[in-house]
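# Descriptive analysis of the structure
These are the residues of each chain, in order.
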Amino acid sequence: MAPLASLLDFLPEEPMVPVPYYEYPEYTGYIRDVENAGQAGKSDQLWYEHKSPEGGRGTIGYGHKLVGNEDYGEGLTDTQVDELLVGDLKKADGIVRKELGTDYNKLGNRGLQMLNELVFNMGTTRKFPKFVRGLVAGDEGVMGKEYKRSYKKGAKRIPLTRRNQKFAEFFKLKTGK
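What counts, and where the lines are drawn
Numbers given to residues run from 1 along each chain, matching the order in which its sequence is written. Only residues with pLDDT of at least 70 are given local features in this predicted model, and only at 80 or more are side-chain atom pairs given and counted; all residues enter the totals for whole chains, interfaces and linings. To obtain the side-chain values, all non-hydrogen atoms of the structure were included, while hydrogens and water were left out. We count a stretch as a helix when DSSP gives it H or I for four or more residues in a row; a strand needs E for two or more, and each element gets its number in order from the N terminus. Note on exposure labels: buried denotes an accessible area under 20% of the residue type's maximum, exposed denotes more than 50%, and partly exposed covers the range between, all computed with a 1.4 Å probe on protein chains only. Residues count as neighbours in contact if any of their non-hydrogen atoms are within 4.5 Å of one another. Note that accessible areas follow from Shrake-Rupley with a 1.4 Å probe, and for residues the cover is restricted to the protein chains shown. Here the rule is simple: two strands pair whenever DSSP picks up at least two bridges between them. Definition used for salt bridges: Asp or Glu carboxyl oxygen within 4 Å of a side-chain nitrogen of Lys or Arg. A 1.4 Å probe that fits into a set of points on a 1 Å grid over the protein atoms alone but cannot get out defines a cavity; an open set with protein on both sides within 12 Å along at least five of seven lines defines a pocket, and lining residues are those with an atom within 4 Å of a point. Grid points are joined across faces, edges and corners, and a volume is the space filled by probe spheres set on the points. Note on residue categories: nonpolar means Ala, Val, Leu, Ile, Met, Phe, Trp, Tyr, Cys or Pro, charged means Asp, Glu, Lys or Arg, and polar means any other residue, Gly included. Nonpolar cores are built from buried Ala, Val, Leu, Ile, Met, Phe, Trp, Tyr and Cys residues. Side-chain atoms within 4.5 Å join them into one set.

Next up on the list: the overall build of the protein chain. Regarding its fold elements, the protein chain presents 7 helices and 6 strands. Seen in sequence order, the protein chain has helices and strands lined up from the N terminus as α-α-β-β-β-β-α-α-α-α-β-β-α. Every one of the 177 residues in the protein chain was classed for burial, and the buried ones make up 34%. Considering only residue pairs separated by 6 or more positions, the protein chain has 54% of its internal contacts joining residues 24 or more positions apart. When the accessible surface of the protein chain is split by element, carbon and sulfur atoms take 55% of a total near 11200 Å².

Another point: the pairing of strand S6 (residues 156–159). The side chains of a regular strand alternate between both faces of the sheet. As defined by bridge partners, strand S5 (residues 150–153) adjoins S6 across 4 bridges and the pair is classed as antiparallel. Looking at the pairing, Ser-150 lines up with Pro-159 of S6. Connecting S5 to the antiparallel partner S6 that follows it, the hairpin turn spans 2 residues, and Gly-154 within it adopts a positive phi of roughly 65°.

Here the focus is the pattern of salt bridges. Per the counting criterion, the structure on display carries 11 salt bridges. Residue Arg-32 is joined to Asp-82 by a salt bridge in which the shortest nitrogen-to-oxygen separation is 3.1 Å. Pair noted here: Arg-32 is in helix H2 (residues 25–36) and Asp-82 is in helix H3 (residues 78–100), with a separation of 50 residues, a long-range link. Among the residues examined, Asp-82 registers a relative accessible area of 26% and is labelled partly exposed. We note a salt bridge from Arg-163 to Glu-35, for which the minimum N-O separation is 2.9 Å. Here Glu-35 lies in helix H2 and Arg-163 lies in helix H7 (residues 161–170), a separation of 128 residues in the sequence. Given a relative accessible area of 9%, Arg-163 falls into the buried group. If you follow the salt bridges from partner to partner, you end up with Glu-35, Glu-117, Arg-149 and Arg-163 in one network.

Turning next to the layout of surface pockets. In this model, the largest pocket occupies a volume close to 870 Å³. Around the largest pocket sit 26 residues that line it, and Glu-35, Glu-54, Gly-63, Phe-120 and Asn-121 are the ones nearest its centre. At the level of elements, H2, strand S4 (64–65), H3, helix H4 (109–122), S5 and H7 are the ones that each hand at least two residues to the lining of the largest pocket. Here the lining of the largest pocket is built from residues that sort into 10 nonpolar, 8 polar and 8 charged.

Attention now moves to unusual backbone geometry. Glycine aside, residues mostly have negative phi angles, and peptide bonds mostly take the trans form. In this structure, Gln-39 is a non-glycine residue whose phi angle is positive, near 55°. Within the secondary structure, Gln-39 is located in the loop between H2 and strand S1 (42–43). Here the phi dihedral of Asp-44 falls at roughly 50°; this positive angle occurs in a residue that is not glycine. Within the element layout of this structure, Asp-44 appears in the loop between S1 and strand S2 (46–47). Judged by its relative accessible area of 73%, Asp-44 is exposed.

The next point concerns the nonpolar core. Grouped together as the largest cluster of nonpolar side chains are 36 residues, with contacts concentrated most on Met-114, Leu-115, Phe-131 and Phe-167. Listing elements by their share of this core, those giving two or more residues are H2, H3, H4, helix H5 (129–137) and H7. Considering each element in turn, this core owes the most residues, 7 residues, to H3. In contact with Phe-167, other than residues within four places in its own chain, are Tyr-30, Met-114, Glu-117, Phe-131, Tyr-147, Arg-149 and Leu-173.

So, in structure tokens, the structure goes:
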């Protein structure tokens, strides 16, 4: 049996710090895909403002809506765009935490990522009360029926087909009709 000192040689010098659920590479990769897979606004290795599909102020990178006096006319690097994304996901986590209250601590990473994605995209979990209740209760059937998003065009509701499909695939939801 190896002495304890030689076993300790394999430990990292710096303590390992857990990564927040919203910074997991698989999750941020998913967000990049659903928010801007075509990399709209990217030119010559820099990112520039582009028209927001939702209207209003422009967007840069992966769904970052410009606010206040933000102006990135000189362009942003991939690293800067990634920093904006993580900041936006962290802000979304704060909203999830506030809206869920004590239920926040009942959820694991998958559930928190689902709600984080909804808030990142829609600004709130409150537009999906049945989904949230199903998620907190662990009811996959309800979740599979209630996660779909759409937008309004005139008097019609248009489903966000690709985003809904990607959400169901990434989070392994059993979709209902």
